[in-house]
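Listed below are the residues making up each chain.
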Amino acid sequence: MALCAFAWQERFALPAAAQEEAVSLPNVSERVAALSAQAARGWTQKSRQLDLVVGRLNKARTKRPDGKNINTSSLAVSFIGRNGRHETKTTMLQTSDLLAPDKARQTDRLGVWFAGDVKVDSLRAGNPRLATVHTDGITFGTDARLGPNLLVGNAIGTAFDRTGVGEDGSLRSLAIADTLYASTFLSTDTYLDVAVGAAWTDFTSRYGAADAAGSRDARQLYATARYSREFRRGRLTLRPYGEAGTSQTYFGRYGEDASDLTCPSQSALFRHFSFGMRAETALDTSLGMLRPHAKFEVSRTTKRRSGATIAWSEAADAYRLSPAVEYQNTFVAQTGLKWQISDRATLDGEYRLSSGLAEFEPQQKITASFNLRF
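Residues numbered from 1 in each chain as written. Predicted model: local features only at pLDDT ≥ 70, side-chain atom pairs only at ≥ 80, totals over all residues. Heavy atoms only, no water.

This paragraph deals with the overall build of the chain. Scanning the chain from N- to C-terminus turns up 4 helices and 22 strands. Relative to the compact-globule value of 21 Å for 374 residues, the chain shows a C-alpha radius of gyration of 23 Å, a close match. Taken along its principal axes, the extent of the C-alpha atoms in the chain is 75 × 45 × 45 Å. Counting across all 374 residues of the chain, residues that qualify as buried make up 43%. Accessible surface, the chain: about 19700 Å² in total, of which carbon and sulfur atoms supply 55%. Across the chain, 47 positive and 39 negative side-chain charges occur, with their mean positions spaced 8 Å apart. (Helix = DSSP H or I, 4+ residues; strand = E, 2+ residues; numbered from the N terminus. Rg over C-alpha atoms; globule rule 2.2 N^0.38 Å. Buried < 20%, exposed > 50% of the residue type's maximum accessible area, 1.4 Å probe, protein only. Areas by Shrake-Rupley, 256 points an atom, 1.4 Å probe, with all protein chains shown as cover. Lys, Arg positive; Asp, Glu negative; His and termini not counted. Charge placed at Lys NZ, Arg CZ, Asp CG, Glu CD.)

Below you can see the structure in the form of structure tokens.
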């Protein structure tokens, strides 16, 4: 489901002149917004699914030297509500808390895993345009360790949501994806991860009245690869890495039930390249184990969307969606500290800074968490 999500409805909003030329079309601006949101939703879902697969590979790698595998789950159910004027998120179920210790989860070769996050959103409950229960991705997978240097597996995932479009419209999406993946060690400290997959998505758009509805489907092919090598010097560990990903999405013909408004098939291409460096060390002190770490990453993203024509049989004019190309170069720098206070208590803190390379518009994020096991 993809590597990044983008607000296409903002990038491809109708210019004033185009709106005047297409006044005979019914709410053409909302139709354009819905068609653009479909590309954004597809990339969001694909990104989430691939992130879950990468997370599985990172966890399974820890048992590699012994040629073993491990059963894992990071599936969570969260409740989103409001406490006074502030939005709150509470985890109702975290399946990783229900698993046995690492030693009991080990398997000789075959491993199964679950991952994802389902949200029960009470803030959406009173709005029919929004889904009360939604997710960007839930995945079930199974893989096998073919010796200490090769892991192969398959993951099946789904995603569903209903979001608002325009003043009174909504977009419902339901996606199913299947991903084949593998991880191999080319040397003791060098690994290569690859994943290829396909996804099918069904979109339904509604505009105010229940009879004003349109639908289309989308087929998506995607692939990603990640290469990394580790260097150690004393207590310091350096891991440079590189990642490349691409996806091609084919959108079917868009049509509306209660009118003759149509939009022919379209295609969208996404490409992403990045490289970076991660450094970490471990310090054993009287206060516990301290693990400071830092990361720097530079990436380039390319997005292309084909043109199309929104037409309506009763309209004298039609609105043309021009082909679009966008390039984005960004960097991310982050640093953090993991403090292992005891066998049962851990404190994590992280600072993240990101910005585009062409224009420096920094976005900062600070996160902290405290875990206590009983």
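On we go.
To continue, consider the pattern of salt bridges. The final tally for this structure, using the stated rule, is 16 salt bridges. A salt bridge links D143 to R56; the nearest nitrogen and oxygen atoms lie 2.9 Å apart. Highlighted residues: D143 in strand β6 (residues 133–145) and R56 in helix α3 (residues 28–60), separated in sequence by 87 residues. Neither D143 nor R56 differs from the other in exposure class; each is buried. A salt bridge links R124 to D161; its shortest N-O distance comes to 2.8 Å. With R124 in the loop between β5 (110–121) and β6 and D161 in strand β7 (residues 150–165), this residue pair connects regions lying 37 residues apart in the sequence. Given a relative accessible area of 14%, R124 falls into the buried group. (Salt bridge = Lys/Arg side-chain N within 4 Å of Asp/Glu carboxyl O.)

Before going further, it helps to spend a moment on the pairing of β7. Relative to β7, β6 is paired through 9 bridges, and the arrangement is antiparallel. Within β7, the position partnered with D143 by the bridge is G153. Between β6 and β7, which follow one another and run antiparallel, lie 4 residues, and G147 among them has a positive phi close to 90 degrees. The loop that links β7 with its antiparallel partner strand β8 (residues 169–187) comprises 3 residues; one of these, G166, has a positive phi angle of about 65 degrees. (Pairing = 2+ DSSP bridges.)

Let us now look at the confidence of the model for the chain. Of the residues in the chain, 90% have a pLDDT of 70 or more, and the chain-wide mean is 85. Under a pLDDT of 50 for its full length, residues 1–23 has, in the predicted model, 67 contacts with residues more than four places off or in other chains. (pLDDT = per-residue confidence, 0-100. Contact = heavy atoms within 4.5 Å.)

Right, let's talk about a nonpolar patch on the surface for a bit. Side chains of F79, M92, L93 and L98 sit close together on the surface and give an oily, nonpolar patch of about 400 Å² of accessible area. Among the structural elements, L98 can be located in the loop between β3 (86–94) and α4 (102–105). Classification of L98 by relative accessible area gives exposed; the value is 65%. (Patch = residues over 30% accessible without salt bridge, like charges linked within 9 Å, V, L, I, M, F, W, Y side chains within 5 Å.)

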